[in-house]
Amino acid sequence: MGENKELVSVQNAALTSSILSKNGIDTSLPFSRDIFLMNTMINGAMHVKTIYKQAKALKKGDRLSLLLEPKNKYDEKAILVLDPKGKKLGYIPRVKNEVLYHLMDAGKELFGIVHGGDIGEHLDPEDSWIEIFIDVYMCD
């Protein structure tokens, strides 16, 4: 008897999902959300030749891509940070990248959101050091 109730429950859920989908309602990820993991500064930005131009174009809230760079000769767990146009900004600091690396290596999607620093109108062209702060999130 308990098995029948379970089967009916599964069938009802499938029927409800089917009806909602036919009416244009996405039911694929009903509990999907972005999970905050950490905040950090982007490392190595000063080694990017176009960093002043890129930092000037950034604004708080911009979404940044994070990509594994397994062939990096300095860090086998390197995580590259790309601006909204897909250009290199720098890296997640090595002292903070191990857990993020393992999440990404397992197939999780991580991304950064610009939090502040030397960006947009806050960028001083006379400054010899650029600090860009980001929050790192995981899509789940």
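Up top is the structure these notes are about.
Rules behind the numbers
- Residues numbered from 1 in each chain as written.
- Predicted model: local features only at pLDDT ≥ 70, side-chain atom pairs only at ≥ 80, totals over all residues.
- Heavy atoms only, no water.
- Pairing = 2+ DSSP bridges.
- Helix = DSSP H or I, 4+ residues; strand = E, 2+ residues; numbered from the N terminus.
- Phe/Tyr/Trp six-rings, centres within 6.5 Å; stacked < 30°, edge-to-face > 60°.
- Core = buried A, V, L, I, M, F, W, Y, C linked by side-chain atoms within 4.5 Å.
- Buried < 20%, exposed > 50% of the residue type's maximum accessible area, 1.4 Å probe, protein only.
- Contact = heavy atoms within 4.5 Å.
- Salt bridge = Lys/Arg side-chain N within 4 Å of Asp/Glu carboxyl O.
- Axes fitted to C-alpha atoms, helices over the stretch in contact; angles between N-to-C directions.

Caption draft 1: Main features of the pairing of strand E2 (residues 63-68). As judged from the 3 bridges shared by E2 and strand E5 (residues 109-117), these two strands associate in the antiparallel manner. Paired with Ser65 across the bridge in E5 is Phe111. Bridge analysis of E2 against strand E3 (residues 79-82) gives 4 bridges, and the strand direction is antiparallel. Looking at E3, one finds that Ser65 is bridged to Leu82.

Caption draft 2: A look at the packing of aromatic side chains. In the structure shown here, the tally under the stated rule is 2 aromatic pairs. With a centroid separation of 5.6 Å and an interplanar angle of 15°, the aromatic rings of Phe111 and Tyr137 are classed as stacked. Placement of Phe111 in strand E5 and of Tyr137 in strand E6 (residues 132-139) is noted, with a sequence separation of 26 residues between them. Through pairs of rings, three or more aromatic residues link up here, namely Phe36, Phe111 and Tyr137.

Caption draft 3: The arrangement of the nonpolar core in detail. Within the largest apolar cluster, 25 residues are counted, with the highest numbers of intra-cluster contacts made by Leu64, Leu66, Ile92, Ile132 and Val136. Listing elements by their share of this core, those giving two or more residues are helix H2 (51-57), E2, E3, helix H3 (98-105), E5 and E6. For this core, the element with the highest residue contribution is E6, accounting for 4 residues. Beyond its immediate sequence surroundings of up to four residues, Ile132 is in contact with Thr40, Met41, Ile42, Ile51, Ala55, Leu58, Gly116, Asp118 and Ile119.

Caption draft 4: View of the pattern of salt bridges. A full pass over the atoms with the stated rule returns 4 salt bridges. A salt bridge links Lys59 to Asp62, with the shortest nitrogen-to-oxygen separation between them at 3.3 Å. For Lys59, a relative accessible area of 51% gives the class exposed. Judged by relative accessible area, which is 11%, Asp62 ranks as buried. Ionic pairing is found between Lys108 and Asp140, a salt bridge with its closest N-O pair at 3.4 Å. In this pair, Lys108 sits in the loop between H3 and E5 while Asp140 sits in the segment after E6, placing the two residues 32 residues apart along the sequence. Among the residues examined, Asp140 registers a relative accessible area of 43% and is labelled partly exposed.

Caption draft 5: Region of the structure containing the environment of Leu82. Along the chain, Leu82 turns up in strand E3. Taking the C-alpha atoms as reference, Leu82 lies 9.2 Å from Arg63; in sequence the two are 19 residues apart. For Leu82, the contacting residues outside a window of four places in its chain are Leu64, Ser65, Leu67, Lys87, Lys88 and Leu89.

Caption draft 6: Structural detail: the sheet that holds E2. Read from one edge of the open sheet, 6 strands run E1-E6-E5-E2-E3-E4, paired in antiparallel fashion. Here the strands that pair on one side only, and so sit at the sheet edges, are strand E1 (34-41) and strand E4 (88-91). Each strand of the sheet is rotated relative to its neighbour by a mean of 30°, with strand direction disregarded. Across the sheet, H3 is in contact with E1, E2, E3, E5 and E6; its angle to E2 comes to roughly 80°.

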